[in-house]
Amino acid sequence: MQLFYNPNIDPQTESFSFDKEESKHIIKVLRKKDGDILFVTNGLGYIFECEITLASDNKCTVKINAVEKKETPKFHLHLAVAPTKMNDRYEWFLEKATEIGIQEITPIICDRSERKVINKERFDKIILSALKQCNEAYLPKLNEAVSFKEFINQKNTGKLLIAHCEETDKKTLKSVLKANEDITLLIGPEGDFSVKEIALALDNNYVPVSLGNTRLRTETAALVACHSVVFFNEE
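Quick summary incoming for the structure in this document. (Residues numbered from 1 in each chain as written. Predicted model: local features only at pLDDT ≥ 70, side-chain atom pairs only at ≥ 80, totals over all residues. Heavy atoms only, no water.)

1. Concerning helix α3 (residues 120–133)
Phase 1: The end-to-end C-alpha separation of α3 is 20 Å, in line with the 20 Å expected for 14 residues at 1.5 Å each.
Phase 2: What α3 keeps buried is the set F123, I126, I127, A130 and L131. Projected down its long axis, α3 shows its buried positions confined to an angular sector of 135 degrees, all on one face. Those residues of α3 that are exposed and aimed more than 90 degrees away from the buried face are E121, K125 and Q133.
Phase 3: Against β1 (3–5), β3 (37–41), α2 (87–100), β7 (104–109) and β8 (141–142) lie the buried residues of α3. (Helix = DSSP H or I, 4+ residues; strand = E, 2+ residues; numbered from the N terminus. Expected span 1.5 Å × (residues − 1). Buried < 20%, exposed > 50% of the residue type's maximum accessible area, 1.4 Å probe, protein only. Arc of directions from axis to C-beta. Contact = heavy atoms within 4.5 Å.)

As structure tokens, then:
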């Protein structure tokens, strides 16, 4: 199944048209024609089975024949991850985390961050591409980049965790997980969180956790955490 995306449709929609760029791809590249079936998601859990009624490369129009609602995730995983020095490493994390099943991502700018600016538009495109590639129906939310302090002062939901490399008392991630529980987890930059940041997190009820016995790069740590939480919640 090849999946397309349109955020503006819902179960009450009867027909709609793709924009010019998507229409050209459908008609010119994929060579679809009147009567062909397409599958579309709005990123909110719905898969729409659509039939082409006007095979125009300027305005491909479809009618919706059937709607399927995918099961809503029983937990919400929010990873706050410091941007990596090399953009392609963070982009790899975004792509793979989307495939695995993350719900929300916030880039956090830390004391030791080497990269303090992100290209959110590009990151959004990578997430959307991964969603369509793996036929998922729930589009992860990518928030604007914020400072570590700003993030800590937000009202974040569920169990609050911070993964750091300091030699202090830490629990394993596995030991603190509970089925169907929302998780907010902080992952620091290449140089790790500063001592000041760790103390601030602990003062705000974040629990320090370990992701294993080896020292992981930022994007690896984030992906390990993502997979661990999703795997733990599988029935």
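2. So, the side chain of T106
Phase 1: Position of T106 among the secondary structure elements: in strand β7.
Phase 2: Aside from chain neighbours lying at most four places away, what touches T106 is H78, L79, A80, V81, Y90, N143, E144, V146 and F151.

3. With respect to the sheet that holds strand β5 (residues 61–69)
Phase 1: Strands sit in the order β1-β3-β4-β5-β2 across an open sheet of five strands; the sheet is mixed. Each having just a single partner strand, β1 and β2 (15–17) make up the two edges of the open sheet. With strand direction ignored, the average angle separating the axes of adjacent strands in the sheet is 40 degrees.
Phase 2: In this structure, strand β4 (residues 46–54) lies alongside β5, joined through eight bridges in antiparallel fashion. Considered in β5, the bridge of I52 is made with V62.
Phase 3: The strands touched by α3 are β1 and β3; relative to β1, the strand with the most contacts, the crossing angle is about 145 degrees. (Pairing = 2+ DSSP bridges. Axes fitted to C-alpha atoms, helices over the stretch in contact; angles between N-to-C directions.)

4. Here's the deal with the packing of α2 against α3
Phase 1: Where α2 meets α3, the closest approach of the two axes is 8 Å, and the angle between their N-to-C directions is 35 degrees. Handedness of the α2/α3 crossing: right-handed. From α2, N87, Y90, E91, L94, E95 and T98 reach across to α3, where they touch R122, F123, I126, I127, A130 and L131.
Phase 2: Residues of the contact of α2 with α3, tallied by class, amount to seven nonpolar, two polar and three charged. (Left-handed = near helix turned anticlockwise from the far one by under 90°. Nonpolar A, V, L, I, M, F, W, Y, C, P; charged D, E, K, R; others polar.)

5. Here's the deal with the packing of aromatic side chains
Phase 1: Evaluation of the coordinates by the stated rule reveals six aromatic pairs.
Phase 2: When the ring of F16 is compared with that of F18, the centres are 5.2 Å apart and the planes differ by 65 degrees; the resulting orientation is edge-to-face. Each of the two residues, F16 as well as F18, counts as buried.
Phase 3: Considering the side-chain rings of Y90 and F123, the 5.4 Å spacing of their centres and the 20 degrees angle between planes classify their relative orientation as stacked. With Y90 in helix α2 and F123 in helix α3, this residue pair connects regions lying 33 residues apart in the sequence.
Phase 4: Among the residues examined, Y90 registers a relative accessible area of 1% and is labelled buried.
Phase 5: Ring-pair connections join several aromatic residues into one group, and the members of that group are F4, F16 and F18.
Phase 6: Above the plane of the ring of Y46 lies K69, whose end atom (NZ or CZ) is 5.3 Å from the centre. (Phe/Tyr/Trp six-rings, centres within 6.5 Å; stacked < 30°, edge-to-face > 60°. Lys NZ or Arg CZ within 6 Å of the ring centre and 35° of its normal.)

6. Some words on the pattern of salt bridges
Phase 1: On inspection of all chains with the given rule, the structure shows 15 salt bridges.
Phase 2: Here R122 ties to E91 by a salt bridge, and the two come within 2.6 Å at their closest N and O atoms. Here R122, found in helix α3, pairs with E91, found in helix α2; they are 31 residues apart in sequence, far enough to count as distant.
Phase 3: With a relative accessible area of 44%, R122 lands in the partly exposed category.
Phase 4: Taking relative accessible area as the criterion, E91 reaches 12% and is therefore assigned buried.
Phase 5: In this structure, K125 and E121 form a salt bridge, with 3.9 Å as the shortest nitrogen-oxygen distance. Residue K125 and its partner E121 are both found in helix α3; the two are separated by four residues, about one turn of the helix. (Salt bridge = Lys/Arg side-chain N within 4 Å of Asp/Glu carboxyl O.)

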